[in-house]
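Given next are the chains, with one letter for each unit.
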Amino acid sequence: MAAAGPRRGAGSAPALGALRLVLLLGAALGPARAAVYFQEQFLDGANWHKRWMNSEYKPDLGKFKLTAGKFYGDPVRDKGLQTSENSKFYAISSRFKPFSNKGKTLVIQYTVKHEQKIDCGGGYVKIFSSNLDQKNLSGDSHYYIMFGPDICGSETKKVHVILNYKNKPHPIKKSIRCKVDGYTHLYTLIIRPDQTYEVKIDNEMVASGNLEDDLDFLPPRKINDPRVKKPSDWDDRVQIDDPNDVKPADWDEPEYITDTSARKPEDWDDSVNGEWHRPMVKNPLYRGEWKPRQIDNPNYRGVWPHPQIDNPNYSPDFSIYSYENISIIGLDIWQVRAGTIFDNFLITDDEEYAEDFGDETWGETKGPEKEMNLKQTEEEQQRERATEEKYFEERFKKKVEREKKSRTDRSVRNAIKKEDL
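The rules behind these values
- Residues numbered from 1 in each chain as written.
- Predicted model: local features only at pLDDT ≥ 70, side-chain atom pairs only at ≥ 80, totals over all residues.
- Heavy atoms only, no water.
- Helix = DSSP H or I, 4+ residues; strand = E, 2+ residues; numbered from the N terminus.
- Rg over C-alpha atoms; globule rule 2.2 N^0.38 Å.
- Buried < 20%, exposed > 50% of the residue type's maximum accessible area, 1.4 Å probe, protein only.
- Contact = heavy atoms within 4.5 Å.
- Areas by Shrake-Rupley, 256 points an atom, 1.4 Å probe, with all protein chains shown as cover.
- Disulfide = S-S within 2.5 Å.
- Phe/Tyr/Trp six-rings, centres within 6.5 Å; stacked < 30°, edge-to-face > 60°.
- Lys NZ or Arg CZ within 6 Å of the ring centre and 35° of its normal.
- Pairing = 2+ DSSP bridges.
- 1 Å grid on protein atoms, 1.4 Å probe; cavity = no way out; pocket = protein on both sides within 12 Å on 5 of 7 lines; lining within 4 Å.
- Points joined across faces, edges and corners; volume = space filled by probe spheres on them.
- Nonpolar A, V, L, I, M, F, W, Y, C, P; charged D, E, K, R; others polar.
- Core = buried A, V, L, I, M, F, W, Y, C linked by side-chain atoms within 4.5 Å.

1. A closer look at the overall build of the chain
The secondary structure content of the chain amounts to 6 helices and 22 strands. The C-alpha atoms of the chain give 35 Å as radius of gyration, which overshoots the globular expectation for 421 residues (22 Å, by more than 25%). Considering only C-alpha atoms, the chain reaches an extent of 105 × 105 × 50 Å along its principal axes. Buried positions account for 38% of the 421 residues belonging to the chain. Within the chain, contacts between residues at least 6 apart in sequence are counted, and of these 75% link residues at least 24 apart. Surface summary for the chain: the accessible area is close to 25900 Å², and the carbon and sulfur share equals 51%.

Have a look at this one:
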């Protein structure tokens with residue numbers, strides 16, 4: 001596990017002086033510091049194989065490779081695990097020292113880069129207990145938390161937040177849209193001891209709330225009073241049939257009628273084919289079932305407010321947020337088009353540390369990454385234009401040569417005709 005903290009630039013003399021002051025203040029205030037449970041940036045090349053274990057639950061799982069991709073902000077710092085085979089399941093995980101987040105904030109953070117402009121596939125991570133059999137990691141493996149982007153077609157472009165409670169996964173009820181532009185993005189989930197949560201993308205909050213309110217862990221606090229019934233004279237119909245609207249006399253027409261223009265085929269044999277009947281066709285005068293027009297209900301009283309009472313089955317649980325023996329982070333995903341890169345994994349108890357870590361990893365390379373991609377795109381467009389120009393130039397040359405040959409052939413034929421004359 002790469003456990004180094006965020007890298008900072010060398011800075012000026014005043015900056016170094018300020019840093020010394022911060023360190024002195026930190027020492028004076030006591031030993032409080034961020035607990036970094038897991039941090040992975042893949043800075044030591046092929047050694048990542050020693051920390052990450054591929055699942056073997058099926059023989060044809062997709063393979064990960066270490067790369068910064070086709071475009072990047074830094075060739076070393078932007079290296080991460082990339083899916084490399086299309087239409088494959090992927091399952092890989094890394095183990096760290098077990099811990100509990102009871103009484104502490106839990107922050108899960110990492111970067112995702114869908115440089116292949118993914119059409120259908122997952123980009124989320126899962127957090128497991130120490131009991132997970134890593135060699136058999138699969139979609140059926142019991143997990144604590146599932147978090148991150150998921151994309152499939154035009155309908156699904158969301159960020160999953162799924163927490164396990166009493167051995168049952170509970171997805172967030174809010175809709176959180178993920179990024180789909182092909183660049184690297186930073187995803188952060190924060191779960192606090194007061195049972196609030198926050199989701200950040202690129203260090204900007206995109207969703208927050210209370211776990212009990214936004215995930216269906218517990219029965220509702222209030223329920224409708226079963227002893228109270230809606231009054232019989234309560235009219236909650238917004239619109240009603242217009243009593244003055246009368247069905248027109250010529251409305252009723254059959255949907256299908258006999259085709260009177262049809263003629264019995266000359267080769268039709270009743271003894272063989274049975275008695276011939278004219279076919280039925282759609283009646284152009286058919287207008288469907290008649291219904292009176294709707295008007296506003298003058299007696300409408302609105303939605304009846306059903307009186308509520310405390311739910312006798314509700315019991316508060318102030319430990320929804322906490323998990324014991326958190327010890328493994330894994331990628332268990334399916335991708336139609338491979339190419340996603342996962343990097344800058346972090347699990348900590350400090351929100352500020354996570355924000356700084358994000359700024360000093362993703363934050364420092366996002367600009368150069370975009371510049372490189374735009375430059376590559378411009379160069380590719382120039383190559384395409386050059387290829388297109390060369391293609392049309394060759395076509396023009398061939399056309400000129402054909403016309404020249406045609407004129408020569410005509411001249412030869414005219415000369416022969418003159419000689420014949």
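2. What about the state of the cysteines?
Every disulfide links exactly two cysteines, by a covalent bond between their sulfur atoms. The full count for this structure, using the stated rule, is 1 disulfide. There is a disulfide in this structure between C120 and C152, and the S-S distance comes to 2.1 Å. Judged by the sign of its S-S torsion, about -85°, the bond between C120 and C152 is left-handed. A residue pair is termed long-range when its members are at least 10 positions apart, and C120 in strand β7 (residues 120–122) and C152 in strand β9 (residues 145–152) qualify at 32 residues. Take C120: its relative accessible area is 17%, and that puts it in the buried class. In this structure C178 is a free cysteine whose sulfur lies 11 Å from that of C152, the closest cysteine sulfur available. Among the residues examined, C178 registers a relative accessible area of 4% and is labelled buried.

3. Brief notes about the packing of aromatic side chains
Summed over the entire model, instances satisfying the criterion amount to 18 aromatic pairs. Members of the aromatic cluster, connected to one another through ring pairs, are Y37, F38, F42, W52, F96, F99, Y110, F147, Y187, F342 and F345. The aromatic ring of F71 is capped on one face by K113, whose charged end is 4.2 Å from the ring centroid.

4. Things to note about the pairing of strand β1 (residues 36–40)
For β1, a buried count of 4 out of 5 residues is recorded, marking the element as mostly surrounded by other parts of the structure. By the bridge criterion, 4 bridges tie β1 to strand β22 (residues 340–348) in an arrangement that is antiparallel. Of the residues in β22, the one forming a bridge with F38 is I347.

5. A word on the layout of surface pockets
Think of a ball as big as a water molecule: rolled over the atoms, this probe shows where empty space is left. Volume-wise, the second largest pocket comes out at about 170 Å³. Looking at the lining of the second largest pocket residue by residue, the classes come out as 2 nonpolar, 4 polar and 4 charged.

6. As for the nonpolar core
The nonpolar side chains of soluble globular proteins are, as a tendency, buried together. Formed by 62 residues in total, the largest nonpolar core has its most connected members in I145 and F345. Not counting residues up to four positions away in its chain, the partners in contact with I145 are L106, I108, V125, K126, I127, I162, L163, L189, I191 and Y323.

7. Here we look at the pairing of strand β10 (residues 156–165)
For β10, a buried count of 8 out of 10 residues is recorded, marking the element as mostly surrounded by other parts of the structure. Examined bridge by bridge, β9 and β10 share 8 bridges and lie antiparallel to one another. Of the residues in β10, the one forming a bridge with F147 is V161. Between β9 and β10, which pair antiparallel in sequence order, lie 3 residues; one of them, G153, sits at a positive phi of approximately 65°. In this sheet, strand β11 (residues 168–171) lies alongside β10 in antiparallel orientation, the contact comprising 4 bridges. Directly across from Y165, in β11, lies its bridge partner K168. Counting the residues between successive antiparallel strands, the hairpin from β10 to β11 contains 2 residues, one of them, K166, with a positive phi of roughly 55°.

8. Details of empty space enclosed by the protein
In the structure shown here, the tally under the stated rule is 2 cavities of 30 Å³ or more. Approximately 70 Å³ is the volume found for the largest cavity. Considering the residues around the largest cavity, the lining is formed by A68, D78, T111, V112, K113, T184, I341, D343, N344 and E369. Secondary-structure elements contributing two or more residues to the lining of the largest cavity are β6 (106–114) and β22. Per-class residue counts for the lining of the largest cavity are 3 nonpolar, 3 polar and 4 charged. Of the voids in this model, the second largest cavity is the one considered here, and its volume is about 50 Å³. As for the second largest cavity, its lining consists of V112, K113, H114, P149, K179, V180, D181, G182, Y183, H185 and Y187. Of all the elements in the fold, those that place two or more residues in the lining of the second largest cavity are β6 and β12 (184–191). In terms of residue count, the dominant contributor to the lining of the second largest cavity is β6 (3 residues). A breakdown of the residues in the lining of the second largest cavity according to their chemical character gives 5 nonpolar, 3 polar and 3 charged.

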